[in-house]
Amino acid sequence: MDAERLLAHYAAVRRLTERICEPLATEDYVLQAMPDASPAKWHLAHVSWFFETFVLRPSLPGYRPLDERYAVLFNSYYNGVGPQFARPARGHLSRPTVEEVYAYRAHVDKAMLSLLDGTAERVDAVAGVVELGLNHEQQHQELLVTDIKYNLSVNPLRLPYRPVSGEEPTTGAPSLERLAFSGGTIEIGVDGEAFCFDNERPRHRVLLHPYQLGSRLVSNGEYGEFIADGGYDRPDLWLSDGWRTVQERGWRAPLYWERADGSWTTYTLSGMAAVSPDAPVAHVSYYEADAYARWRGARLPTEQEWEHAAASETAAGTLLVDTPREPAPATTGRLAQMTGDVWEWTASAYLPYPGFRPLEGALGEYNGKFMVNQMVLRGGSCATPRSHIRRTYRNFFPPDARWQFAGLRLAYGG
Ligand SMILES: [Fe+2]
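Residues numbered from 1 in each chain as written. Predicted model: local features only at pLDDT ≥ 70, side-chain atom pairs only at ≥ 80, totals over all residues. Heavy atoms only, no water.

Attention shifts here to the packing of aromatic side chains. Under the defined criterion, the tally for this structure stands at 36 aromatic pairs. Ring plane angle 85° and centroid distance 5.8 Å describe the contact between Phe197 and Tyr393, whose orientation is recorded as edge-to-face. Of this pair, Phe197 sits in the loop between β2 (184-188) and β3 (204-208) while Tyr393 sits in the loop between β9 (375-378) and β10 (395-397); the two residues are 196 residues apart in sequence, bridging distant segments of the chain. Taken as a pair, Phe197 and Tyr393 share a single burial class, namely buried. Geometry around Trp42 places Arg90 over its ring, the cationic atom sitting 3.5 Å from the centre. (Phe/Tyr/Trp six-rings, centres within 6.5 Å; stacked < 30°, edge-to-face > 60°. Helix = DSSP H or I, 4+ residues; strand = E, 2+ residues; numbered from the N terminus. Buried < 20%, exposed > 50% of the residue type's maximum accessible area, 1.4 Å probe, protein only. Lys NZ or Arg CZ within 6 Å of the ring centre and 35° of its normal.)

Met112, Val130, Phe226 and Trp345 are the most contacted members of the largest nonpolar core, which has 99 residues in total. Counting residues per element, this core draws most heavily on helix α5 (residues 120-153), which supplies 12 residues. With residues near it in sequence (within four places) discarded, Phe226 still touches Gly231, Tyr232, Leu237, Trp238, Ala291, Tyr292 and Trp295. Among the nonpolar cores identified, the runner-up in size contains 15 residues, and Leu179, Phe181, Leu208 and Ala310 belong to it. (Core = buried A, V, L, I, M, F, W, Y, C linked by side-chain atoms within 4.5 Å. Contact = heavy atoms within 4.5 Å.)

With respect to the helices, strands and loops of the structure, His308 is situated in helix α9 (residues 303-309). Residue classification places His308 among the partly exposed positions, given a relative accessible area of 23%. Taking the C-alpha atoms as reference points, His308 and Val190, 118 residues apart in sequence, are found 13 Å from one another. With residues up to four places along the chain from it excluded, the contact list for His308 reads Gly183, Ile186, Leu208, Tyr211 and Arg391.

Pasting the structure below:
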């Protein structure tokens, strides 16, 4: 990416992060309603810390951090960089204040702009890690949306993140078809120079047996049939860990669903709303996705099947452009929603590709050290920035995670 485009991209990404926070009251910025849902204020500071740590300190001569103590406060998990403040306690920090965190962002932006406005050699030398920092910030934009939604949801007033601004029309989902793929020896992953995370490399061959995929995501209406059929009460449908988790946590429906007067309502970014039967089911764990698929006589696709099929995708679903939105019904009958709306749980454990090499130095901690006890999700969601997602992208979460916009697509055969 040349210097001018990098500078424009930097400005656009930093602006969107702050735009996501615009509807928040000052008090909202500090909430952490569970260990996984970091305060908005922490995200704002941490993404700036990333540029400070990996770009400005090593590469901008004379750079002075605004406050040396932020090095510990806003380090997430980089042991190679130094100690970190405890993740579950991020919501205990009333200081630095929201205003001070915005000043920290401005301090980092000023230095970044002077660096990116420098000689071509200097920009070339940092372009790769700046691009990584921007992709990192886009990942946190998605977390901002999902963490804000969770943190606001625990308030019994169920207040909206933003007022309803004209609901998306409900068009009715096209019927769910099975689309056949012949498989064979195919290639997945990335080669070449385009930006990707280290976990998407190297490109390699895999053998796929013929399989079929659902033409769209599983809808709320279809998931409601699973609930009505006693899906949460039938141990034969569940993995052992899933059944135990359902019992321990009392799960009876996706996260945010509430039963009122015989019908389902759900907490959304616009407050409580009726569950839209045609919109894709969201906020389910891997365990629920797996049990649902088994109940339908189907299964979850592997990540290799998903990536192979995504080569023929026609139209994207809802992605984050400027204003965060909820997932929407499919609008096409042919392999719809492979991109956007909800992340799709796959049957694949998050593992290194054959020949995987993590990045050099502390940045090697970005992905590789998380390759245990997590499952791969594909395709992006309504909270994923549009310029961030690609066919080879591998997201990953533990199988009991529900606060992301995660749902599923059925697979058959194989
Ligand atoms: Fe991060």
